[in-house]
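For reference, the chains in residue letters:
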Amino acid sequence: MLQLKRFFKTIIKYKTSTYLTLLSLVVSFVGIIILALYVSFERSFDQFNKNGKNIYRLESLQYGSALPATLTSLIVEQIPELKNIVTLKNWRLEVSTKEQRNGNINFLADAFFADSSFFDIFSFPLISGNKSSALVEPYSVVVTRLFANKIFGTDDVLGRSVVIMNEDYRITGVMEDLPKNSSIQGDCFVSLSTLRSRNMFGINEWEEWSFVHFLQLNPNANSVEVAHKIEQIPKVTEVIQDMKARYPGKDFILLRPLYDIHYVSDWYSDSVNPLVLNVLTLLAIILAIMGGVNFINFSTSQAPLRTKSFAILRVLGGSRFSARTQVIIESVLLSVVAMGISLIFYSVSYPTIETIFNINGLSISGRYVFIVYFFLLAIVFGVVVGIYPAYYITSTTIVQAVKGRVRFEGKAKSFRNILITIQFVFTIALLAAAITINKQLAFWRNFDLGINKQNVVYVRLNDKLKDKYNEIADELMKNPSIVDYTYSSFIPGAVGMGWGREVDGQYIQLKSWPVDDKFIDFFNVKILEGRKFQKNSQADINTFIINKKAAEKFGWNHPLEKSISGFDFQGKVIGVADNIKFASLKDEVEPMLFWFTNTRNYVLMLRINPGNFTQLEKFIKSTINRFDPQIQVEVKFLDDYLNTLYDKEQRVGYFIEAIGLWCMVLAITGLLGLVIFICRDRIKEIGVRKVNGATTGEVIFLINRGFLIWVLIAFVIAVPVTYYAMEKWLESFAYRTSLTWWIFALSGMIALMVELVTVSWLSWRAASSNPVEALRYE
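Residues numbered from 1 in each chain as written. Predicted model: local features only at pLDDT ≥ 70, side-chain atom pairs only at ≥ 80, totals over all residues. Heavy atoms only, no water.

> Explain the environment of Asp270 here, please?
With respect to the helices, strands and loops of the structure, Asp270 is situated in the loop between β11 (253-257) and α10 (274-301). Linking Asp270 and Lys648, residues 378 residues apart in sequence, is a C-alpha distance of 9.1 Å. Discounting chain neighbours no more than four positions away, the residues touching Asp270 are His262, Lys648 and Arg651. (Helix = DSSP H or I, 4+ residues; strand = E, 2+ residues; numbered from the N terminus. Contact = heavy atoms within 4.5 Å.)

As structure tokens, then:
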């Protein structure tokens, strides 16, 4: 109780210092809370699965997790270490009841086709239904609680029917909503036996590489050895032998642990780069250091005022140890109070932060143990940052302190200067990193993809509409605001079909992009050899145009002499196109072919004139709805989708910008406090100089000089460190911007301007005061 009384007396007596310290700690702690919760959420992905340690995703070197569904039976037969296996296929489906469909109501669902073993392998509990049999029979579907309520208004829907792909499906289970920290996210799960019974999506073909396999191994199984065994399966060996010849010594089949999946970019789940999480963890540490720097600076700046009171306590019988203990306890109490204020501020602001940065994981709901962790951190922080001021303030002799002859020079002031320099190092480094990330994002946005993407919108179609493509196009083209159209199975940036083919004894793997005869002209794709698809030519159906990368990688000197097998047909290569960037610019261009077909028109793309898009959107929706009143038409810009390919990098950029600004606030707070105390300590010196003819500008320069030196030293330290770090980050991208000198110059200038404005304003106030007031008691 006595310590608390002394604590509150200290706050009242030194309220300027206390308020600045408290502000600095709150700014620091809020950032630490947000970063800690976000990083812990991202690192918790898939940890809820009880069998998680034994679950692996099967991948190939070239096409990641996209593999043929036919692998399943071979693995079951020839891998004794296998306990269970599930095959998945991600797809967007329209789901509704018969009554809703008749009333032109449909619900878009992110769906997975899944084997019956799905709920035995993954820990997704069912509210109703039998997890072992729910996905056994064809035309069975399991829905989430949220999706059931969306369709029926209740989750008591077991045994009811829904319409999917124009067929009746029975709801055989209702599951809890998927955790936000699950790599698998969907609204419903449809029995994979449905695809097998209908022979859909190439499920029975070795050539269709678009299925995902999860293996549950026996507890003592070695995943590396299992991967080698899978490579030795005769059919798999046949498939990869050509790649083995071209890339000797590499493993082409691997098993990725479930817990690592969230750290790998994939086409069906969100991911995060572990390096990003390490950077964000480092940023949290930087915030803690900067908060500690300010705390120490503010505390030691009060030393001349506090030493006398401590000396009197020692004269009255108190020990130096008790004085130091009091300083440390005050530090701990102030730190705990700051943490409490920070948690209140966080609880009010985190929904807004999630919205701004488009992230999840900042809620503390269900993770209340973090409150304990945060207060423990505050206590440890208070002890650590309180030790140096405790020794520093009580280091003088009683006689000096009582007589008021206390001078803190030499090492103490040098240490304080070092702390300020550290703050500016962090600030300059983070500013340079934020500018570099924004420069890279601008580079991607403005990069020439090899296609004309300007003023292009797209609409996804269902099975019913894809067969009416000519009629729909004819009606849409009646609007003068629509310039051109084309059909495709995918939009640029989302080509998801992988083919494995044998051509003249050579096994090749490449992406397949089903398009119509207008696609090449629509996007102005350059043909380097051969010709493009002829419009309205039946003879050109099921022919191919490969990209330049495919011809080079497969060593085809005469590609127009090649034929490639499709689904029950043999198609000729009629042209070679220039490489277009049909995926993220983070990766190199892959071998790819354009396949001319009229059977996979799932996406309609329109080139429009700039103008009133709202009216045009209504026209497009109403026109398509005339052909299928049930479909929910969504008209989206292609540019917007392509920009989402870099959402993760943009979020990192926003984070670093925010933390950079946060660090600048901390640096400004520290500077404010330090300059206030320096001006107070040097008030008599300033008065003497003013009496002897010094101008206000000369006094301002005198005080600024030391700070300018610290900023320059910080700049010299920050530049090489930041250059190295950002160069390493850029190396991970296939297409990247350059690190130019102005990035670091601009960062240094911003830091310098912040220092000059902050210090000059306060030093001007000190220099403008009446020198008589400073010298009247001398």
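> Any chance you could explain the pattern of salt bridges here in plain terms?
If you walk through the whole model with that rule in mind, you get 18 salt bridges. We note a salt bridge from Asp110 to Arg92, for which the minimum N-O separation is 3.4 Å. A residue pair is termed long-range when its members are at least 10 positions apart, and Asp110 in strand β3 (residues 107-114) and Arg92 in strand β2 (residues 82-96) qualify at 18 residues. A single salt-bridge network, built from bridges that share partners, covers Arg57, Glu59 and Arg256. (Salt bridge = Lys/Arg side-chain N within 4 Å of Asp/Glu carboxyl O.)

> Looking at this model, I keep getting lost on unusual backbone geometry. Mind explaining?
What you tend to see is this: most non-glycine residues have negative phi, and most peptide bonds are trans. Even without glycine at this site, Asn166 takes up a positive phi of about 65°. The residue Asn166 is located in the loop between β6 (161-164) and β7 (167-175) in this model. On the basis of relative accessible area, Asn166 is assigned to the partly exposed category, the value being 46%. Even without glycine at this site, Asn542 takes up a positive phi of about 65°. Looking at where Asn542 falls in the secondary structure, it is placed in the loop between β16 (527-530) and β17 (544-547). On the accessibility criterion, Asn542 (23% relative accessible area) is partly exposed. (Buried < 20%, exposed > 50% of the residue type's maximum accessible area, 1.4 Å probe, protein only.)

> Even after reading the chapter, I still don't get the nonpolar core, so can you show me in this structure?
Residues Trp513, Ile546, Phe594 and Met605 are the most contacted members of the largest nonpolar core, which totals 116 residues. Of all the elements, helix α2 (residues 15-43) adds the most residues to this core, at 13 residues. Beyond its immediate stretch of four places on either side in the chain, Ile546 contacts Ala551, Trp556, Pro559, Ile564, Val573, Gly575, Val576, Ala577, Met592 and Leu593. In terms of nonpolar packing, the next biggest core, distinct from the first, is built from 28 residues, Leu93, Ala111, Val143 and Val174 among them. (Core = buried A, V, L, I, M, F, W, Y, C linked by side-chain atoms within 4.5 Å.)

> How do you make sense of the packing of aromatic side chains when you look at a structure like this?
To describe a pair of aromatic rings, you give the distance between the ring centres and the angle between the ring planes. Enumeration over the complete set of coordinates arrives at 31 aromatic pairs. Taken together, a centroid distance of 5.8 Å and an interplanar angle of 15° make the contact between Phe112 and Phe189 stacked. With Phe112 in strand β3 and Phe189 in strand β8 (residues 188-191), this pair connects stretches of sequence that are 77 residues apart. Pair check on accessibility: Phe112 and Phe189 agree, each one buried. Between Phe613 and Phe637, the ring centres sit 4.7 Å apart and the planes meet at 45°, which makes this aromatic pair tilted. Taken as a pair, Phe613 in helix α20 (residues 613-627) and Phe637 in strand β22 (residues 636-637) lie far apart in primary sequence, 24 residues in all. Following the ring pairs from residue to residue traces out a cluster consisting of Phe48, Phe112, Phe118, Phe119, Phe122, Phe124, Phe189 and Phe214. Sitting over the ring of Phe370, Arg367 keeps its end group 5.5 Å from the ring centre. (Phe/Tyr/Trp six-rings, centres within 6.5 Å; stacked < 30°, edge-to-face > 60°. Lys NZ or Arg CZ within 6 Å of the ring centre and 35° of its normal.)

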